[in-house]
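The chain contents come next:
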Amino acid sequence: MAAATPLALFVLLLLGPGGWCLADPQRDSLREELVITPLPSGDVAATFQFRTRWDSELQREGVSHYRLFPKALGQLISKYSLRELHLSFTQGFWRTRYWGPPFLQAPSGAELWVWFQDTVTDVDKSWKELSNVLSGIFCASLNFIDSTNTVTPTASFKPLGLANDTDHYFLRYAVLPREVVCTENLTPWKKLLPCSSKAGLSVLLKADRLFHTSYHSQAVHIRPVCRNARCTSISWELRQTLSVVFDAFITGQGKKDWSLFRMFSRTLTEPCPLASESRVYVDITNYNQDNETLEVNPPPTTTYQDVILGTRKTYAIYDLLDTAIINNSRNLNIQLKWKRPPENGYIHYQPAQDRLQPHLLEMLIQLPANSVTKVSIQFERALLKWTEYTPDPNHGFYISPSVLSALVPSMVAAKPVDWEESPLFSSLFPVSDGSNYFVRLYTEPLLVNLPTPDFSMPYNVICLTCTVVAVCYGSFYNLLTRTFHIEEPRTGGLAKRLANLIRRIRGVPPL
Amino acid sequence: MAAAGAAATDLEVVRGKRAALFFAAVAILLGLPLWWKTTETYRASLPYSQISGLNALQLRLMVPVTVVFTRESVPLDDQEKLPFTVVHEREIPLKYKMKIKCRFQKAYRRALDYEEEALSSGSVQEAEAMLDEPQEQAEGSLTVYVISEHSSLLPQDRMSYIGPKRTAVVRGMMHREAFNIIGRRIVQVAQAMSLTEDVLAAALADHLPEDKWSAEKRRPLKSSLGYEITFSLLNPDPKSHDVHWDIEGAVRRYVQPFLNALSAAGNFSVDSQILYYAMLGVNPRFDSASSSYYLDMHNLPHVINPVESRLGSSAASLYPVLNFLLYVPELAHSPLYIQDKDGAPVATNAFHSPRWGGIMVYNVDSKAYNASALPVRVEVDMVRVMEVFLAQLRLLFGIAQPQVPPKCLLSGPKSEGLMTWELDRLLWARSVENLATATTTLTSLAQLLGKISNIVIKDDVASEVYRAVAAIQKSAEELASGHLASAFVASQEAVTSSERAFFDPSLLHLLYFPDDQKFAIYIPLFLPMAVPILLSLVKIFLETRKSWKKPEKTD
C-alpha cells in the first residue's frame, strides 16, 4: 500500500556539491563458467561456477556498500566474523564408479563447515546463530544443526583459502543427511548471482530441469584469497557452484547425444554484462571406446588441453563475451552428437509409475558364443501405504518372471515344410527359415520381502497395560477386601437327610 | 463353635470393609493429588492485578520550561514577584484507554548577567551562540527567553522565535496582565516544540480505532531498538547503463550526520547494494505528447512487491528495515516520470511507502545516448538523490513539520538536518508509543494465559513480565518528573521484556495436548483401578443402609 506522496522538499543547508571522487577501478569482478562433461556411463554432467571476487576487507567495521557481492552473505561475514564458509545442498549421490571422479563432491543432504576468525569468543553461539540465519537465507532446515550433529574435526577440513593459523577450535562442521533439496533452495541461491537468472549462464538454471536429474549439488564457498601475487592484502572470494548429472536415457530418449536445449530447455541468449569472463567448456576428449567419435555444433573457436584429475582432457571453449558467438544466430545452443558404427542392439525402457504401471525393460542383444550375460536390476525396498498390504504381508511380494525370447541357430538344417501339413507340436511358433528355431524361456518369479510395519503395536501396548494392571491390582484388591472362610460342607444327599431325620426322632445327635 | 465361626467371619467382613475403604481413601487422598501434582503444568505466579492496573494508567508528561525574563520585558512590579513556578496542565483528548495529561511546568526567573548581555546582541543567531556555551540542557526541557517589547532581536512583526536547540524567544510587554498573556504565548511555543495532539495520535495510531486520518498517521515506522537503512540502486538494464554512484561519500556526508543526531532514538546501521536486472512490477504507460513514460499514482502500490523479493532480507539483525531505492529505468522505458493524482509529473520523481521506504526514479540524461555507444556510463548526482531520501527518511521517522503558532519565526535547520527539539518530540512520542505497546502486549499475554490453562509459565517468563511491569511504571514516573531520556530508556526496556515474555517458545510446549487425548491415555489405567473400588464402595453403602434400617424395624 504505497501512498504516493509528492514530496515537499525542504532545503537542507548542507547539501553543497561535494567533490566527486573520480570513478575508481571496479573493486569486484565476476567470472562465470559452465563445464559440460559427457560421462563414461552415457550421462551428462554440467557444472556451473560463478566466482565473485571483492577486493575489500569485509571484517573492517563500516564497510557495507555492496555491488556484485551479495549483501546478505557480506553481512554474515562481518557480523559473525567468518573466515571461511562452505555450504552445500545435494540431492543424490555422485557415482564415481560410473561417472568418474567429480570436480567437487558433496555429501547427500546439507553440509556446512565454517572457519571463524580467531577473534570470536563464543564459537558455539556464533555457529548456532549462523546456522539459523543461513537456514533463513536458503530456506533450508539448517536450524536443526545443534551440538548433537556438530563436530570439530582436527585433521581434515583445513581452510581452503588464505590462513595464518589453523587452530581447530574455530572450525565447526555439520551434515544434515535428511535435508531434501528442492526449488526453494535453488531460488535464493540464484538470487545471490549478480545477473540473477536474467542473463549469462544463469539463464539455464531452470528449476524443473535441474531437479529432474540423477544428481544435483549446489554450493556456496566463501574464502579469503590473495589480492595480488605478493599477497599483501586479501580479497574475498565467493564461489557458487552447481553440478547436475542428467540421465541420458530420460533426456535423450536412449541416445547419448545432448544439446543445451534438450538438457535445460533453454539456450544461451546473451552474456551477463557484469561478468568479466563467461565461458562454456565442453569435454570433447575422445575416450576411444567402441570406435565412437563425437561432433560438437557449433564448432568451437578454441580448445583447451590440460590434465584434469589425472587424465588428459580436451575441452572446446565457447566464450560468450566473444560477440561473434551469439550474434550469428541470436542464441547459442551447443549440441554434441556421437557417431558410432551401427550396431544391432535395442533397448526399450519404460519406467514405472507408482500404482499405475509397472516397469518394462526390453533388450535386444546378440550374444557371442559360449558367453555368460548377466542382466541385473537394482531396486529399492519401500514401505507401501498401510491399506495396500496384503493380509499376509510377511509372505513377501512377487515380481513377475522375466522372459527370454531367442532365435537359436539350428544344428541341422531342416527342410522347409508346409506349415499346415506339419504336426501341431512343431508349428506353434512360425519360423521363416529352417536354419534357426524359436525358443521362449521364463525365469522363476522373484519373491521380495518388503519391510512390514508392526501393525499391532498400539493394540499390544494397550492390551498389555490393561492386563498387567488388571491382574496385579485386581488380585491384590480381592485378596485384601474379600473375606475367606471355609465352607461348611452342605447337608449331603437325600439319604443323609433321611438318616438325620431318623436320628432326631431317635434323639441322637445328627451326622 | 458356630458362634465363634460366625464371629470370625464377621471380623473378616469388617476387615474386608475396612480394607476397601482404606483403598478408596488412599486412591482419593494420595493417588488423585499425586496424579494431579505430577501432571500439573507449571505456572509461575504473575502480577495479574498490576497488569490490569496498567490499562488504567495515567500518563503525565511533564515538560520543564524555564522562563527567563530580561530587564525590560515585563512591568517592574511584576518583576518583583520573580522567581516562581506556574504549572499548566491539560488533558490530551484521545480515544485511548490510557489517560494522557500534558503538564508544562514553567519556572519563571530573572535573566542572569550573561543572558542579558547575549539577548541584547544584534541578531538571534549571535544571541543563541552566546547562550549556548555555558549550559547543557537536559532532554525534553525547554528554555524560553522573554525579551523587551521593543527589542530589535526579532523582526518587528514577529512575536516569538523557535531556535534550533531547546531555546525559544518570546517578546514581552508592559501590561497589567503581562504574565498571563506572555504565559499563554509561552505555552503555545512550548507545545509546538514538544507535545501536540497529532504527534501523540501518530504515535498511538496502531492502538487507536481506525479513522480517516489513520493511514496518514501510520506512516512512521514503529518504535524499535534499532533500524536498518538500506540504499539500493536498481539497474534493470546493465547492457545499456553502466551506473555508478558514490554512495559511500553520500552516506558519510549527508546521512551519517543526520543519524548521529538521531542516535538517542535507536541504533542505526546503513548499507547499500546494487541490484541488476531488478524490474518494477508494472509496465509504464507511454505518453506520446512528451515522448516519455509515466507511472500512474494508482500503479505505484504494485511497483514494490516484485522488487522486494530481490532486495533480500537483512540477515544480520532483527531490526526493521527502511529501503530506499534509486531506480534507473531501462533504455526502452526512459525517461520515466511519476504522475500525481492530477496527472502532473511529481517534481522530485519520487514516492514513499509508509513503514517501508522510498523509491526515486532517476532518469539518464538523454544527451548521454548520443555521445557514446552502449553501455552509457552514468554518474548519479548524489546531492539530488540524497535530498529526496533524507526528506523521506524524516517523514518515515515521523518527524513532521511543526505547527508553528502565528507570528512565530522558525529558525533554519541545523547542519544535521534535525533540530534538537524535534529529537525531543520524537522521544516523547516514542516513549508513549512504547508504553502503549508494552501494555498491550502484557495485557494480551495475561488474557491468553488466563484463557488457556495448560500453558506452562516458566520462572524466566515470569521474571520478564515482572521486569516489564516495573519498567512501565518506572517510565511513567520518569515521564511525570520530566526526565525524558531515562523515561525513553525504561520504555524501551519495557517493550523488550514484554515481547520476550510474549514470544517465549516455552509457552507453546504443552499446548498441543487436548484434554480428550489425555483421557484416552489415562483410561486403561484408571478403569481397572476404579471399578473394584467403586463396586465395593457401593456394596458397603448398601449394606450400611440395610443395617441402619434393620434396627428401626425391630424397634
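Conventions and cut-offs
- Residues numbered from 1 in each chain as written.
- Chains lettered and ligands numbered in written order.
- Predicted model: local features only at pLDDT ≥ 70, side-chain atom pairs only at ≥ 80, totals over all residues.
- Heavy atoms only, no water.
- Helix = DSSP H or I, 4+ residues; strand = E, 2+ residues; numbered from the N terminus.
- Contact = heavy atoms within 4.5 Å.
- Rg over C-alpha atoms; globule rule 2.2 N^0.38 Å.
- Buried < 20%, exposed > 50% of the residue type's maximum accessible area, 1.4 Å probe, protein only.
- Areas by Shrake-Rupley, 256 points an atom, 1.4 Å probe, with all protein chains shown as cover.
- Lys, Arg positive; Asp, Glu negative; His and termini not counted.
- Charge placed at Lys NZ, Arg CZ, Asp CG, Glu CD.
- Expected span 1.5 Å × (residues − 1).
- Pairing = 2+ DSSP bridges.
- Axes fitted to C-alpha atoms, helices over the stretch in contact; angles between N-to-C directions.
- Patch = residues over 30% accessible without salt bridge, like charges linked within 9 Å, V, L, I, M, F, W, Y side chains within 5 Å.
- Salt bridge = Lys/Arg side-chain N within 4 Å of Asp/Glu carboxyl O.
- pLDDT = per-residue confidence, 0-100.
- Phe/Tyr/Trp six-rings, centres within 6.5 Å; stacked < 30°, edge-to-face > 60°.
- Domains from an automatic or database assignment.
- UniProt positions renumbered as here; feature names shortened; annotations may be inferred.
- Parallel < 35°, antiparallel > 145°, perpendicular 65-115°, else oblique.
- Left-handed = near helix turned anticlockwise from the far one by under 90°.
- Nonpolar A, V, L, I, M, F, W, Y, C, P; charged D, E, K, R; others polar.

1. Description of the overall build of chain A
Scanning chain A for helices and strands turns up 10 helices and 20 strands. For chain A, contacts bridging at least 24 residues in sequence account for 69% of all contacts bridging at least 6.

2. Some remarks on the overall build of chain B
Summing up its helical and strand segments, chain B has 16 helices and 17 strands in all. Taking 555 residues into account, the globule formula puts the C-alpha radius of gyration at 24 Å, and chain B, at 36 Å, lies well above it. Dimensions of chain B, computed from the C-alpha atoms along their principal axes, are close to 130 × 80 × 40 Å. A buried classification covers 50% of the 555 residues belonging to chain B. Restricting the contact set of chain B to residue pairs at least 6 apart, pairs at least 24 apart contribute 77%. Here chain B has roughly 26,700 Å² of accessible surface; of this, 58% comes from carbon and sulfur atoms. Taken together, the 56 basic and 61 acidic charged side chains of chain B have centroids lying 10 Å from each other.

3. Observations concerning helix 3 (residues 123-138) of chain A
Residue and element names in this part refer to chain A. Spanning 16 residues, helix 3 covers 22 Å between terminal C-alpha atoms, matching the ideal 22 Å at 1.5 Å per step. Where helix 3 is concerned, the buried positions are Val123, Ser126, Trp127, Leu130, Ser131, Val133, Leu134, Ser135, Ile137 and Phe138. Looking one or two residues beyond helix 3, the residue adopting positive phi is cysteine 139, at roughly 55°.

4. A closer look at the sheet that holds strand 12 (residues 321-327) of chain B
Through backbone hydrogen bonds, the strands of a sheet pair up, either in parallel or in antiparallel fashion. All names here are of chain B. Read from one edge to the other, the open sheet built from five strands follows the order 9-7-12-15-14, with strand pairing classed as mixed. Two strands in the sheet have a free side with no partner beyond their single neighbour: strand 9 (267-276) and strand 14 (350-353). Averaged over neighbouring strand pairs, the angle between their axes works out to 15° when direction is ignored. Here 10 bridges tie strand 7 (residues 226-235) to strand 9, and the two strands are oriented parallel to one another. Its bridge partner lying in strand 9, leucine 233 is registered against isoleucine 274.

5. Things to note about the pairing of strand 7 (residues 215-226) of chain A
Residues and elements named next belong to chain A. Counting buried residues along strand 7, 11 of its 12 residues qualify, which places the element largely inside the surrounding structure. Where strand 7 lies against strand 8 (residues 234-246), 12 bridges are found, and the strand directions are antiparallel. Counterpart to tyrosine 215 in the pairing with strand 8 is valine 245.

6. Notes on a nonpolar patch on the surface
On the surface, Ile347, Tyr349, Leu361, Met363, Ile365, Leu367, Val375 and Ile377 of chain A cluster together into a nonpolar patch covering about 780 Å² of accessible area. Of all the secondary-structure elements, those providing two or more residues to the nonpolar patch are strand 15 (346-350) and strand 16 (360-364) of chain A.

7. Looking at the confidence of the model for chain B
Low pLDDT marks stretches whose predicted atomic positions should not be read closely. Residues and elements named next belong to chain B. Per-residue pLDDT for chain B has a mean of 81; in total, 91% of the residues score no lower than 70. At the low end of the mean pLDDT range in chain B sits helix 8 (residues 214-217), at 57; at the high end sits strand 12, at 91. This complex was scored by the predictor with a pTM of 0.74 and an ipTM of 0.74.

8. Notes on the pattern of salt bridges
Considering all chains together, one arrives at 21 salt bridges over all chains under this definition. Salt-bridge contacts for glutamate 277 of chain A lead to arginine 31 of chain A; the nearest nitrogen and oxygen are separated by 3.4 Å. Here glutamate 277 of chain A, found in strand 10 (residues 277-283), pairs with arginine 31 of chain A, found in strand 1 (residues 28-38); they are 246 residues apart in sequence, far enough to count as distant. Between glutamate 422 of chain B and arginine 394 of chain B there is a salt bridge, with the nearest N and O atoms lying 2.9 Å from each other. Here glutamate 422 of chain B is found in helix 13 (residues 420-451), whereas its partner arginine 394 of chain B is found in helix 12 (residues 382-396), with 28 residues between them in sequence. Both residues of the pair, glutamate 422 of chain B and arginine 394 of chain B, count as buried. In the salt-bridge network here, residues are joined through shared partners; they are Arg51, Arg223, Glu237 and Arg239 of chain A.

9. Examining the packing of aromatic side chains
Think of a pair of aromatic rings as described by two things: how far the centres are apart, and how the planes are tilted against each other in angle. All names here are of chain B. Taken as a whole, this structure holds 31 aromatic pairs over all chains when the rule is applied. Relative to phenylalanine 268, the ring of tyrosine 227 lies with its centre 5.5 Å away and its plane at 20°, an arrangement referred to as stacked. One end of the pair, tyrosine 227, is in strand 7; the other, phenylalanine 268, is in strand 9, and 41 residues separate them in sequence. Taking 4.9 Å as the distance between ring centres and 55° as the angle between the ring planes, the aromatic pair formed by phenylalanine 286 and tyrosine 293 counts as tilted.

10. Quick notes on the domain arrangement of chain B
We note that the domain assignment places domain 1 (16-41 + 513-548), domain 2 (60-202) and domain 3 (226-397) within chain B. The gap between the C-alpha centroids of domain 2 of chain B and domain 3 of chain B is 42 Å.

11. Quick look at unusual backbone geometry
Cis geometry is found at the peptide bond from asparagine 297 of chain A to proline 298 of chain A, where omega equals -5°. For proline 298 of chain A, the location among the structural elements is in the loop between strand 11 (293-297) and strand 12 (302-308). Residue proline 335 of chain B follows serine 334 of chain B across a cis peptide bond; omega there is 0°. Tracing the backbone through its elements, the reader meets proline 335 of chain B in the loop between strand 12 and strand 13 (336-338). Unusually for a residue other than glycine, serine 81 of chain A sits at a positive phi of about 50°. Summarising the element assignment, serine 81 of chain A is placed in the loop between helix 1 (71-79) and strand 3 (82-91). The buried category is assigned to serine 81 of chain A, whose relative accessible area is 18%. One non-glycine residue, serine 291 of chain B, lies in the positive phi region at around 40°.

12. Observations concerning the UniProt feature "transmembrane region" (unreviewed entry) in chain B
The sites that UniProt annotates as "transmembrane region" (unreviewed entry) are residues 19-36 and 519-542 of chain B. Annotated as residues 19-36 of chain B, this span is 100% helix and 0% strand, and its ends, taken at the C-alpha atoms, are 24 Å apart.

13. Some thoughts on the packing of helix 13 of chain B against helix 15 (residues 484-502) of chain B
Residues and elements named next belong to chain B. Two numbers describe how helix 13 lies on helix 15: the axes approach to 8 Å, and their chain directions differ by 30°. Viewed along their axes, helix 13 and helix 15 adopt a mutual orientation that is roughly parallel. Where helix 13 crosses over helix 15, the two elements pack in a sense that is left-handed. Partitioned by chemical class, the residues of the contact of helix 13 with helix 15 number 13 nonpolar, eight polar and three charged.

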